[in-house]
Amino acid sequence: MSDRITKASRHVTQNEGLIFEKSSPGKRAFDLPPLDVPAADPRKTLGRNHRSEGVSGFPEVSEIEVLRHFTRLSTWNYAIDLGMYPLGSCTMKYNPRVNEFVARLPGIATEHPLQPRGLSQGCLKILQLLEQCLLEITGMDAITLQPAAGAQGELTGLLLIRAYLEGQGNARKKVLVPDSAHGTNPATAVIAGYEVENIRSDSHGQVDVEKLRELVTEDVAALMITNPSTLGIFEQRISDIVAILHAKGALLYMDGANMNALAGVARPGDFGVDVMHLNLHKTFSTPHGGGGPGAGPVAMKKILEPFRPIPVLVEKAEGELALEQDRPHSIGRVKAFSGNFGVLVRALAYILAYGPDIRQATEDAVLNANYIRRHLAGVFELPYSLPSMHEVVFSDAIQKKNGVSTMDIAKRLIDYGFHPYTTAFPLIVPGALMIEPTESESKEECDLFIDAMRSIAEEAATNPELVKSAPHTTRINRLDEVTAARKPILRWKSGRI
Amino acid sequence: MRYLPKSRAERDAMLAAIGVKSIDDLFSSIPERYRLHEALKLPGPYAEAEIIRYFKDRAGENSLGHTSFLGAGVYNHLRSVVTDTIIQRGEFLTSYTPYQAEIAQGTLQAIFEFQTLVCQLTGQEVANASMWDGSTATTEAVLMAERITRRRRVLVARSLHPQYRDVLRTYGRNSGLEVEEVRFGADGALDQSGLQSMLRDDVAALVVQSPNFFGAIESVAELADGLRASGALLVVAVTEGVSLGLVRPPAEADIVALEGQSFGLPPSYGGPFVGVIATQQKFVRQMPGRLAGQAADSQGRRGFVLTLAAREQHIRREKATSNICTNQALCALAATVHLTLLGKEGLREMAEQNLSKAQFALSELLKIPDIRRAFDAPFFNEFTIVLPRSVEAVNEQLLKERIVGPLALDFLYPEMPNHGLVCVTETTTRADIEKFASGLRLACAVAWEVR
């Protein structure tokens, strides 16, 4: 262990095989209360549909073995709870534990989505308050909480646009997507039935407004932008962009992935966005959980309101809340039942903790990103020099001269006790290092990160092999992904090691 | 603010290091007229105790103290405290998608175990790391069938969950899918003769649910045989995963879309749940969603990575198999822990209890005059009954006894007046069932008099 590495030290972790390899017939980790009705004979009641042999290969282990198995696995993960997770675009902030507590309360976690409205007023009030808060934060007119994640929010937003334009007589053909956009944007546009036309960024990494003026015709339904962009830079000419689109009857969709730069400071509704999604698992602190679940509410201007997916939350006479299913202009249903409710509960708990002080979180997020930029600019190349907001994007151009890539630097960062930043994205920056510290990092943690990055830059100059072969401290080193994809092994089978 | 780790002095020192006077200078790139100068009108800031009080108050306005006989895609099952203990470990809860395999082996191995468990349950060869829920998994399964067959017509059982059919229609409308419904027969299962008359060589897939929305178990093997000549794929949706502990798995299906809520996830007013797609090895490159695969490092040590990413949006953009990015990973972990706790014997016993209690409940209800069973196909833990009058009216009476009665089907199926869907799981006690039966007897009688 190098004495440069001050944040982390080595420690022992337990080895652990697959649960199937620990199994022994007859063991179990779960008991049911005894059956209090006559036992049915499955052979008789199910006939030829009876699975008489049980589920072959299923694990048979005791409770302590289950607990240890998963606890051991957990120790092989990095996590926000262990330290800074500077993944650009992912907004890995602290996940408050009270959110977990309230989402599990009896009367919240126990509620069935089809139970009578009279027994659901508590759930519906939670949805209503969250809707009101998110509308205030975004400055929009109407919202749906249905989408399960950002990508489903994007689809919902584009379907709203399509329905609106159809109502105007022409759904149009194309959606414009900047080359700096998240991959979900073009993938979503195709599902919504649109052709994707990519629009190049200008020399400052901004939407090329002159190019946009050429591209926006009566064939264009919408432009999908991310603002601030994936470079962490606010679109300086946002009002020109809006004017160009609206002049041709096209709408502006905003990917809200970077809302952590704006909450309490500026509102997309005020700067001309027609429809946007929010990632509650980014800006509003619900845990990433190793990849999900999230929630992707979609906020919109009035013109799109009639098309919201069902069900729609409405207030009836005497203040009773209801989920309305019968909406003639609706785009339909995007997910069964009523959104990822448990995630929505957590997001509301987060907003209540801050109230109007949510602005302070935004300010701290921007402060951290600029502090890191100030200390690393020059050590790493800064390809675009416009002011950064909540994240900063460098490139590996300096280190590349010694054959060290962004991926190598990212892997070396693991040895220093940090999760890597986002590598090789956005696509407009060759060899990108995309760093988003969020507001959850203290000055001390930021300083440790800066020290680690400077130290790695020095190693890249003096001992590039050390960086290129990193990480050196993990349970396993870099895995052979090519063979894994060529001969995929996607499940355990008995007899295989 | 308790979540923010900076003192005022630290903020000032950082601003000074950056070389700006005030925090506002860092927002100068936002045009002045768009910058907010007033505080947002939001409730709060609340202390932790206030947040808890707010949600406890809301919880008190819901259904606590009621006994429910609702299922219809969301099921009440026993859950071990061990499941929540594991998924609340910060190393699982607060980690990101495992793109950096060296420091995400815990999540990756758990996904690999999840994929294996789903294969074992469904009789399929490969399973993905999760979809948003059963409804989007079913829709994605259909889109996958469309890619594989390059056909556009999709036959969907009318007995597929109505909300799943809705979601399929929303997605299908703009991808050129032609969705047609296949009737159910007198026994509640798919009408096979009706199906044969609709089958042509332009059909991409038949979509059935088993047990279906009315509780009837479909004959998956027969359906697969019937489809073979047409080249259409068989997509089987499973909303009640516990049935797989006792009912023959849909091994003959080409694609299975499973809702895993029954495996350790609370009803939570409709989500988050966990969908998953399982299929045959030959279709793996057309699958949507993340996949974990086994790999070796340079020392030959076994590890796991996200693999076959060339299907996914972050690599393929507009040519991806799906737009899904964030999935339901933590819910998949909960299902993995729950199924591991249950194990082979526990799952079988849980399934047997569901079957026995549902059989007992049906026999108790059939003792009531004028109540009959709607269909006679075999069922697992849900069945459809016909009442002497509107289910809504009967349910109003039952609510007075703090019972949430059958789901009224007439809104969803106008051809089924007075039909109600009853669900009974291992969490329903004999006393609950007897109270329900006597309440229903009374409610039917009262309803009769009112008429």
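### Re the overall build of chain A
Step number 1: When helices and strands are counted, chain A shows 15 helices and 12 strands.
Step number 2: Taken against the 2.2 N^0.38 rule, which gives 23 Å for 497 residues, the C-alpha radius of gyration of chain A at 26 Å falls within 12% of a compact globule.
Step number 3: Summarising its shape, the C-alpha atoms of chain A cover approximately 75 × 70 × 45 Å along the three principal directions.
Step number 4: Split into buried and exposed, the 497 residues of chain A put 57% on the buried side.
Step number 5: When contacts within chain A are restricted to residue pairs at least 6 apart in sequence, long-range pairs at least 24 apart make up 72% of them.

### Observations regarding the overall build of chain B
Step number 1: Tallying secondary structure elements over chain B gives 13 helices and 15 strands in all.
Step number 2: In terms of overall dimensions, chain B has C-alpha extents of about 85 × 55 × 50 Å along its principal axes.
Step number 3: When contacts within chain B are restricted to residue pairs at least 6 apart in sequence, those whose partners lie at least 24 apart make up 72%.

### Quick word on the interface of chain A and chain B
Interface size, as often reported, equals the accessible area lost upon joining of the parts.
Step number 1: Facing the 169 residues of chain A at the interface are 164 residues of chain B.
Step number 2: Looking at which element gives the most residues to the side of chain A that touches chain B, the answer is helix α10 (residues 358-376) of chain A, with 10 residues.
Step number 3: Residues belonging to the side of chain A that touches chain B are distributed by class as follows: 94 nonpolar, 48 polar and 27 charged.

### Topic: the pairing of strand β8 (residues 312-315) of chain A
All names here are of chain A.
Step number 1: Examined bridge by bridge, β8 and strand β9 (residues 321-324) share 4 bridges and lie antiparallel to one another. Note that in β9 the partner of Leu313 across the bridge is Leu323.
Step number 2: The hairpin turn running from β8 into β9, its antiparallel successor, is 5 residues long, and Glu318 in that turn takes a positive phi close to 60°.

### Let's talk about helix α11 (residues 329-365) of chain B
All names here are of chain B.
Step number 1: With 37 residues, α11 ought to run about 54 Å at 1.5 Å a step, yet its terminal C-alpha atoms sit only 40 Å apart, falling short of that.
Step number 2: In the structure, α11 departs most strongly from a straight axis at Gly343, where the bend amounts to approximately 95°.
Step number 3: Across the 37 residues that make up α11, a large majority, 32, are buried.

### Regarding the domain arrangement of chain B
Residues and elements named next belong to chain B.
Step number 1: Each assigned domain of chain B is listed with its residue range as follows: domain 1 (67-78 + 344-450) and domain 2 (81-338).
Step number 2: Counting from both sides, the interface comprises 25 residues of domain 1 and, opposite them, 23 residues of domain 2.
Step number 3: Every element with two or more residues in the side of domain 1 that touches domain 2 is listed here: α11 and β12 (382-386).
Step number 4: Counting residues per element, the side of domain 1 that touches domain 2 draws most heavily on α11, at 7 residues.
Step number 5: Split by residue class, the side of domain 1 that touches domain 2 holds 15 nonpolar, 6 polar and 4 charged.

### A look at the environment of Ile303 of chain A
All names here are of chain A.
Step number 1: Here Ile303 shows up in the loop between β7 (298-300) and β8.
Step number 2: Ile303 gets classed as partly exposed once you count the C-beta atoms within 10 Å, which come to 17.
Step number 3: Spatially, the C-alpha atoms of Ile303 and Thr13 are 57 Å apart, while their sequence positions differ by 290 residues.

### Notes on the domain arrangement of chain A
Residues and elements named next belong to chain A.
Step number 1: Domain parsing of chain A yields domain 1 (1-43 + 57-74), domain 2 (101-356) and domain 3 (357-482).
Step number 2: Computed from C-alpha coordinates alone, the two centres of domain 2 and domain 3 are separated by 30 Å.
Step number 3: Counting from both sides, the interface comprises 22 residues of domain 2 and, opposite them, 21 residues of domain 3.
Step number 4: Residue classes in the side of domain 2 that touches domain 3 are distributed as 11 nonpolar, 10 polar and 1 charged.

### A closer look at unusual backbone geometry
Step number 1: Cis geometry is found at the peptide bond from Asn227 of chain A to Pro228 of chain A, where omega equals -5°.
Step number 2: Mapped onto the elements of the fold, Pro228 of chain A is located in the loop between β4 (220-226) and α8 (238-247).
Step number 3: Cis rather than trans, the peptide bond between Ala470 of chain A and Pro471 of chain A has omega equal to 5°.
Step number 4: By the element assignment, Pro471 of chain A lies in the loop between α14 (464-468) and α15 (481-486).
Step number 5: A positive phi angle is found at Leu308 of chain B, which is not glycine, with a value near 50°.

### A closer look at the sheet that holds strand β8 (residues 275-279) of chain B
Residues and elements named next belong to chain B.
Step number 1: Ordered in space as β2-β8-β7-β6-β5-β3-β4, the 7 strands form an open sheet in which the pairing is mixed. The open sheet has two free edges, formed respectively by β2 (126-127) and β4 (178-182), since each of these has just one partner strand.
Step number 2: The pairing of strand β5 (residues 203-209) with strand β6 (residues 233-238) spans 5 bridges and is classified as parallel. Directly across from Ala205, in β6, lies its bridge partner Leu233.
Step number 3: Here helix α6 (residues 134-149) sits on the sheet in contact with β3 (153-157), β5, β6, β7 (255-259) and β8, set at roughly 170° to β7.
Step number 4: Packed on one face of the sheet, helix α7 (residues 162-172) meets β3, β4 and β6 and runs near 160° to β4.

### Details of the packing of α10 of chain A against helix α1 (residues 8-18) of chain B
Step number 1: As a packed pair, α10 of chain A and α1 of chain B sit with axes 9 Å apart at the nearest point and diverge in direction by 45°. The angle between α10 of chain A and α1 of chain B falls in the class oblique. The handedness of the crossing between α10 of chain A and α1 of chain B is left-handed. Residues Leu367, Asn370, Tyr371 and Arg374 of chain A of α10 of chain A pack against Arg11, Met14, Ala17 and Ile18 of chain B of α1 of chain B.

### Some details on helix α9 (residues 341-354) of chain A
Step number 1: Helix length check: α9 of chain A, at 14 residues, gives a terminal C-alpha distance of 21 Å against a target of 20 Å (1.5 Å per residue), a fit within 8%.
Step number 2: With its phi angle positive at about 60°, Gly355 of chain A sits one or two positions after the end of α9 of chain A.

### A few points about the pairing of β7 of chain B
Residue and element names in this part refer to chain B.
Step number 1: Among the 5 residues that make up β7, 5 are buried, leaving the element largely enclosed by the rest of the structure.
Step number 2: In terms of strand pairing, β6 meets β7 through 4 bridges, oriented parallel. In the sheet register, Ala237 faces β7, and the bridge partner there is Ala257.
Step number 3: Pairing between β7 and β8: 5 bridges, direction antiparallel. Paired with Leu258 across the strands is Val276, a residue of β8.

### Quick notes on the sheet that holds strand β3 (residues 195-199) of chain A
All names here are of chain A.
Step number 1: If you walk across this open sheet you meet the 7 strands as β1-β7-β6-β5-β4-β2-β3, and the pairing is mixed. Both outer strands of the open sheet, β1 (142-144) and β3, are each paired with one neighbouring strand and no more. Direction aside, the axes of adjacent strands within the sheet are offset by 25° on average.
Step number 2: For strand β2 (residues 174-178) and β3, the ladder comprises 5 bridges, and the chain directions are parallel. Paired with Val177 across the strands is Asn198, a residue of β3.
Step number 3: With respect to the sheet, α8 is in contact with β4 and β5 (251-256), its orientation differing from that of β5 by roughly 135°.

### A word on the packing of helix α5 (residues 150-167) of chain A against helix α6 (residues 184-191) of chain A
All names here are of chain A.
Step number 1: At a minimum axis distance of 9 Å, the contact between α5 and α6 shows a crossing angle of 45°. Taken as axis vectors, α5 and α6 run oblique relative to one another. Both α5 and α6 take part in a crossing whose hand is right-handed. Between α5, through Gly150, Ala151, Glu154, Leu155 and Leu158, and α6, the contact on the second element is made entirely by Thr184, Asn185, Thr188, Ala189 and Ile191.

### Overview of the environment of Asp432 of chain B
Step number 1: Within the element layout of this structure, Asp432 of chain B appears in helix α13 (residues 430-450).
Step number 2: C-alpha separation for the pair Asp432 of chain B and Gln105 of chain B, spaced 327 residues apart in sequence, amounts to 45 Å.

Reading the values: the criteria
- Residues numbered from 1 in each chain as written.
- Chains lettered and ligands numbered in written order.
- Predicted model: local features only at pLDDT ≥ 70, side-chain atom pairs only at ≥ 80, totals over all residues.
- Helix = DSSP H or I, 4+ residues; strand = E, 2+ residues; numbered from the N terminus.
- Rg over C-alpha atoms; globule rule 2.2 N^0.38 Å.
- Buried ≥ 20, exposed ≤ 12 C-beta atoms within 10 Å, placed from the backbone.
- Contact = placed C-beta atoms within 7 Å.
- Nonpolar A, V, L, I, M, F, W, Y, C, P; charged D, E, K, R; others polar.
- Pairing = 2+ DSSP bridges.
- Expected span 1.5 Å × (residues − 1).
- Bend = angle between axes of the 7 residues up to and from the residue.
- Domains from an automatic or database assignment.
- Axes fitted to C-alpha atoms, helices over the stretch in contact; angles between N-to-C directions.
- Parallel < 35°, antiparallel > 145°, perpendicular 65-115°, else oblique.
- Left-handed = near helix turned anticlockwise from the far one by under 90°.

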